[in-house]
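Coordinate inspection notes
Each chain is listed here by its residues.
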Amino acid sequence: QVQLVESGGGLVQPGGSLRLSCAASGFTFDTYAMNWYRQAPGKEREKVAGLSSTLRTNYADSVKGRFTISRDNAKDTVSLQMNSLKPEDTAVYYCNARHALFGNSYWGQGTQVTVSA
């Protein structure tokens, strides 16, 4: 069955870095766009970064220049390198896979990122 398993979350001080990873299985990974979303307490889930099957990237304005999304199609993984973290980056981060043509969408269980002194 389809699985997306995130890892790498945790507690980090402002200005620090974290690298999130998402291991995918159960679908043809390289045909899917891979995305990272986040949801902070009391807020709606928002898209943070996306990486299409053709390797086009997009980022939320709030993370441009600080976050970098990448994928390894040989290992069926997608990563999110997060630098210069701010307290407002605190959220549960979710990995998402979406097929651009058929619209199939899958979600991971989420990983908590807390940025605090």
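Residues numbered from 1 in each chain as written. Predicted model: local features only at pLDDT ≥ 70, side-chain atom pairs only at ≥ 80, totals over all residues. Heavy atoms only, no water.

1. Remarks on the sheet that holds strand E3 (residues 18-25)
Pairing within the open sheet is antiparallel, and its four strands lie in the order E1-E3-E8-E7. A strand with exactly one partner marks an edge of an open sheet, and here the two such strands are strand E1 (3-7) and strand E7 (67-72). Averaged over all neighbouring strand pairs, the angle between strand axes comes to 15°, with direction disregarded. As paired elements, E7 and strand E8 (residues 77-82) share six bridges and run antiparallel to each other. Along E8, the bridge assignment pairs Arg71 with Val78. (Pairing = 2+ DSSP bridges. Helix = DSSP H or I, 4+ residues; strand = E, 2+ residues; numbered from the N terminus. Axes fitted to C-alpha atoms, helices over the stretch in contact; angles between N-to-C directions.)

2. Thoughts on the packing of aromatic side chains
By convention here, two paired aromatic rings are described through the distance between centres and the angle between planes. Taken as a whole, this structure holds six aromatic pairs when the rule is applied. Ring centres 5.4 Å apart and planes at 40° place the aromatic pair Phe27 and Tyr106 in the tilted group. Of this pair, Phe27 sits in the loop between E3 and strand E4 (33-39) while Tyr106 sits in strand E10 (residues 105-107), placing them 79 residues apart in sequence. Given the relative accessible area of 13%, Phe27 is considered buried. Taken together, the ring pairs in this structure connect Phe27, Phe29, Tyr32 and Tyr106 into an aromatic cluster. Residue placement shows Arg45 over the ring face of Tyr94; its charged tip is 3.7 Å from the ring centre. For Arg45, the ring lying beneath its charged end belongs to Trp107, and the centroid distance is 4.6 Å. (Phe/Tyr/Trp six-rings, centres within 6.5 Å; stacked < 30°, edge-to-face > 60°. Buried < 20%, exposed > 50% of the residue type's maximum accessible area, 1.4 Å probe, protein only. Lys NZ or Arg CZ within 6 Å of the ring centre and 35° of its normal.)

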